[in-house]
Amino acid sequence: RRVASPRAASKKGSAASSSSSSIVTRSQRKRMHEQMTDDYLPILDLPNEIISNVFSSLGMKDRLRARVNKKMNAIELESKYHVKEVLIEERSERRDPGTIRWWDIRGQLITFYEDKSYSSHCIKIICQNVSIGKLKIELTGSSEFHREVYNLLKDFEIGHLDFGPVALQHQILKEMMVDSFFLDLTKACKILHIDKCDNVTPEAFHQVYKNMTDGSTRLIEFFTRSFAREKWITFLNFIEITFRRGRFFSNRDIEVCIRRSISGHDHLLIFDGSVEITIIDRSPFEQSGMKFKLHENRESLENAKNTRGLDKINVHAV
Amino acid sequence: RIYPLMRVTLTTSDGASVTVSRQLTKHSGFIEKAITDMAVDDNAVPLSAVAVDVDDATLKLVIEWLTEHRDDALPYPEKTDEERRADDIPAWDQAFVQKWDTKEDQQQTLYAVITAADKLDIKGLLDMTCKTLANKINGKTVEEMREILQLECDFTEEELAEIRKENAWCEN
């Protein structure tokens, strides 16, 4: 509670003000009382919804800092809020104040420095009441802290989760990105972008695909840039489509198109019901890319099918 | 349907009476409900008085804000799935609250207007004043926030240590 007056505060004799475990020192208290004036805003006299409204206009850092006492802490933890874009990054050096990055302007930054130690509780506190439009991860270390942070991602409510190339270069995430973790991530967000999925099996891709087609997941889009060619061929086999010597074989009601690229990396598009599968087919010695996109209405699906530059490919009966 | 010429007499908690256009009171959920509950003919001019639990000085500020915002769209847009910011207060509103900075009781004035906006259910004014309060603590250290809000730390040492760990990234 607000300190109504120095006299009232001393009479209260709360744990914080009178016991040896007091957090505010005598000199701090003296300074605080000296600075107190009759004109103050008794924030704790406001209804919790209004305090929550104040919290909702603060950035994530200020919001967490504003947990200055038990009641403020309790209200912060209970009030839901939305952040449009967040970057969780790791840096080896303090940022040059003159360097302005895209994220500084458009999104909120959670920065960890390599020379400091952190508790994953900071992420746990955030994820319990925030929803994030787009979350990008650029962690670089490989400690238990990093593992805990990655594991907490599945507890977030995220629109678009983006593991860019920086994150996937690091060993701990490569190790963690196996079927179970991958499937957990697909349940946490609507759009999932993972640059590399070396250890994810075609069975897991198939599971995600099934979840998207039967509507049992929030996921509407998944994209990976780099994984082995034989994996998407195996995945197609799971959905009864065979790709052999540049030709498609299936008895299912699908449409297949190709978008030729001057780079030689053709895009193969398979329309299966309301799901569009895009495969970036590179040479057998290069990594492929794959994207699943669930079209939420017929107009979106028809627009995708009628995109300029698509040539239809025959699908041969088995 | 709102009749632009229709006027409403508001009686304040300290006994004053203020008569205002219905064009202003339509932004107050509380006053509109009071009028509806009276089930009077909307053509009646003037309308019976509505008692508001707001003092005269605060009500004058509320009416000043309502006069500027009389043409704002209704219902007030609820943006639950958008990021809220404190740095998007319109210029007129910023100047409106900055006028209080010279007053000895600027904090209590802000508190009174927040409370009035809440009681009268004027969502636009409530949001704006909450953002103004948020701006007062934005970018401040924990100690500075405590001083501004005059709140004492009532955490145990263990709880405070936990919060410091959670906030470590905020204090880089």
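What counts, and where the lines are drawn
- Residues numbered from 1 in each chain as written.
- Chains lettered and ligands numbered in written order.
- Predicted model: local features only at pLDDT ≥ 70, side-chain atom pairs only at ≥ 80, totals over all residues.
- Heavy atoms only, no water.
- UniProt positions renumbered as here; feature names shortened; annotations may be inferred.
- 1 Å grid on protein atoms, 1.4 Å probe; cavity = no way out; pocket = protein on both sides within 12 Å on 5 of 7 lines; lining within 4 Å.
- Points joined across faces, edges and corners; volume = space filled by probe spheres on them.
- Helix = DSSP H or I, 4+ residues; strand = E, 2+ residues; numbered from the N terminus.
- Nonpolar A, V, L, I, M, F, W, Y, C, P; charged D, E, K, R; others polar.
- Pairing = 2+ DSSP bridges.
- Axes fitted to C-alpha atoms, helices over the stretch in contact; angles between N-to-C directions.
- Parallel < 35°, antiparallel > 145°, perpendicular 65-115°, else oblique.
- Contact = heavy atoms within 4.5 Å.
- Buried < 20%, exposed > 50% of the residue type's maximum accessible area, 1.4 Å probe, protein only.
- Domains from an automatic or database assignment.
- Phe/Tyr/Trp six-rings, centres within 6.5 Å; stacked < 30°, edge-to-face > 60°.
- Lys NZ or Arg CZ within 6 Å of the ring centre and 35° of its normal.
- Buried area = accessible area lost by both parts, 1.4 Å probe.
- Salt bridge = Lys/Arg side-chain N within 4 Å of Asp/Glu carboxyl O.
- Polar contact = N/O pair within 3.5 Å; in protein donor to acceptor, adjacent residues only side chain to side chain.

If you check an unreviewed UniProt entry, chain B appears there as Skp1-related protein from Pristionchus entomophagus. Chain B has a UniProt comment under Sequence similarities (unreviewed entry) that states "Belongs to the SKP1 family."

The name recorded for chain A in an unreviewed UniProt entry is F-box domain-containing protein, from Pristionchus entomophagus.

Engineer: Teacher, can you tell me more about empty space enclosed by the protein here?
Structural biologist: Residues and elements named next belong to chain B. A complete count under the given rule lists 3 cavities of 30 Å³ or more for this structure. Estimates place the volume of the largest cavity at around 60 Å³. Contributing to the lining of the largest cavity are Leu10, Val20, Leu24, Thr25, Ile31, Leu59, Val62, Ile63, Leu66, Leu120 and Ile122. Put simply, the parts of the chain that give the lining of the largest cavity at least two residues each are α1 (22–25) and α3 (56–68). Take the lining of the largest cavity: its biggest share by element is 4 residues, from α3. Looking at the lining of the largest cavity, its residues break down into 10 nonpolar, 1 polar and no charged.

Engineer: Would you mind showing me how to read the sheet that holds strand β3 (residues 50–51) of chain B here?
Structural biologist: Two strands in a sheet stick together by hydrogen bonds in their backbones, pointing the same way (parallel) or opposite ways (antiparallel). All names here are of chain B. In space, the 3 strands of this open sheet follow the order β2-β1-β3, with mixed pairing throughout. Two strands close off the open sheet at either side, each with one partner strand: β2 (17–21) and β3. Taken together, the 5 bridges between strand β1 (residues 7–11) and β2 define a ladder with antiparallel strand orientation. Within the sheet, the bridge partner assigned to arginine 7 lies in β2 and is serine 21.

Engineer: What should I look at first to understand the packing of helix α4 (residues 48–56) of chain A against helix α6 (residues 70–78) of chain A in this one?
Structural biologist: When two helices pack together, their arrangement is captured by the angle between the axes and the distance separating the axes. Residue and element names in this part refer to chain A. Between α4 and α6, whose axes approach to 9 Å, the crossing angle comes to 75°. When the axes of α4 and α6 are compared, the pair comes out roughly perpendicular. Side by side, α4 and α6 meet where Asn48, Ile51, Ser52 and Phe55 of the first sit next to Lys71, Met72, Ile75 and Glu76 of the second.

Engineer: Can you walk me through unusual backbone geometry in this structure?
Structural biologist: Comment: phi is negative for the bulk of residues other than glycine, and the bulk of peptide bonds are trans. Residue Leu74(B) is joined to Pro75(B) through a cis peptide bond whose omega torsion reads 0°. Tracing the sequence through the fold places Pro75(B) in the loop between α3 and α4 (91–98). One non-glycine residue, Arg245(A), adopts positive backbone phi at about 50°. Position of Arg245(A) among the secondary structure elements: in the loop between β7 (242–244) and β8 (247–249). Classification of Arg245(A) as exposed rests on a relative accessible area of 85%. Positive phi, close to 50°, is recorded for Gln150(B), a residue that is not glycine. A relative accessible area of 5% places Gln150(B) in the buried class.

Engineer: Explain the domain arrangement of chain B to me, please; I cannot follow it from the model alone.
Structural biologist: Bring the parts together and some accessible area is lost; that lost area is often taken as the interface size. Assigned domains within chain B: domain 1 (7–138) and domain 2 (141–172). The straight-line distance from the C-alpha centre of domain 1 of chain B to that of domain 2 of chain B is 33 Å.

Engineer: Is there a simple way to think about the layout of surface pockets in this case?
Structural biologist: Where empty space is left can be seen by rolling a probe of water-molecule size over the atoms. Its volume calculated, the largest pocket comes out at about 1100 Å³. Along its surface, the largest pocket is lined by 39 residues, and Tyr76(B), Pro77(B), Arg84(B), Lys123(B) and Asp127(B) are the ones closest to its centre. Among the secondary structure elements, those contributing two or more residues to the lining of the largest pocket are α4 and β1 (81–91) of chain A together with α5 (106–119) and α6 (123–137) of chain B. Among the elements that take part in the lining of the largest pocket, α6(B) stands out by supplying 6 residues, more than any other. Along the lines of polarity and charge, the residues of the lining of the largest pocket split into 12 nonpolar, 10 polar and 17 charged.

Engineer: Just checking my understanding: could you explain the packing of aromatic side chains for this structure?
Structural biologist: Any pair of aromatic rings gets described here by the distance separating the centres and the angle formed by the planes. The final tally for this structure, using the stated rule, is 16 aromatic pairs over all chains. Taking 6.3 Å as the distance between ring centres and 45° as the angle between the ring planes, the aromatic pair formed by Tyr150(A) and Phe163(A) counts as tilted. Separated by 13 residues along the polypeptide, Tyr150(A) in helix α9 (residues 144–152) and Phe163(A) in strand β4 (residues 157–163) bring together distant segments of the chain. For Tyr150(A), a relative accessible area of 0% puts it in the buried group. Among the residues examined, Phe163(A) registers a relative accessible area of 0% and is labelled buried. Note on Phe96(B) and Trp100(B): the rings are 5.3 Å apart at their centroids and 70° apart in plane angle, and the pair reads as edge-to-face. Each member of the pair, Phe96(B) as well as Trp100(B), is classed as buried. An aromatic cluster is defined as three or more aromatic residues linked by ring pairs; in this entry it consists of Phe182(A), Phe205(A), Tyr209(A), Phe222(A), Phe227(A), Phe235(A) and Phe292(A). When the ring centre of Tyr81(A) is taken as reference, the NZ or CZ atom of Arg63(A) above it lies at 3.6 Å. The cationic tip of Arg244(A) hangs over the ring face of Phe249(A); the distance from NZ or CZ to the ring centre is 4.7 Å.

Engineer: It is not clear to me how the sheet that holds β7(A) should be interpreted in this structure. Could you clarify?
Structural biologist: Residue and element names in this part refer to chain A. Spatial ordering of the open sheet is given by β7-β8-β14, a layout of 3 strands whose pairing is mixed. Since the sheet does not close on itself, it has two edges, and those belong to β7 and β14 (315–316), each with one partner. Summarising the sheet, β8 and β14 pair through 2 bridges and their orientation is parallel. When the bridges of β14 are listed, phenylalanine 249 appears paired with histidine 316. Contacts from helix α14 (residues 229–238) reach β7 and β8, with the element oriented near 140° to β7.

Engineer: What am I meant to see in the UniProt feature "domain: F-box" (unreviewed entry) in chain A here?
Structural biologist: Residues given the UniProt feature "domain: F-box" (unreviewed entry) here are residues 43–67 of chain A. Between the C-alpha atoms that bound residues 43–67 of chain A the distance is 13 Å, and the span itself is 60% helix and 0% strand.

Engineer: In this structure, what is going on with the interface of chain A and chain B? I would like to understand it.
Structural biologist: Listed by partner, the interface residues are 63 residues for chain A and 54 residues for chain B. Summing both partners gives a buried area of about 5200 Å² for chain A against chain B, and 59% of it is carried by carbon and sulfur. Applying the counting rule to chain A against chain B returns 2 salt bridges. Its salt-bridge partner being Glu166(B), residue Arg67(A) comes within 3.0 Å of it at the nearest N-O pair. The interface formed by chain A and chain B contains 15 residue pairs in polar contact (both at pLDDT 80 or more). Counting residues per element, the ones that place at least two in the side of chain A that touches chain B are α2 (15–18), α3 (26–35), α4, α5 (60–65), α6, β1, β2 (108–113) and α8 (121–127) of chain A. The dominant element in the side of chain A that touches chain B, judged by the number of residues it contributes, is β2(A), at 6 residues. By residue class, the composition of the side of chain A that touches chain B is 31 nonpolar, 17 polar and 15 charged.

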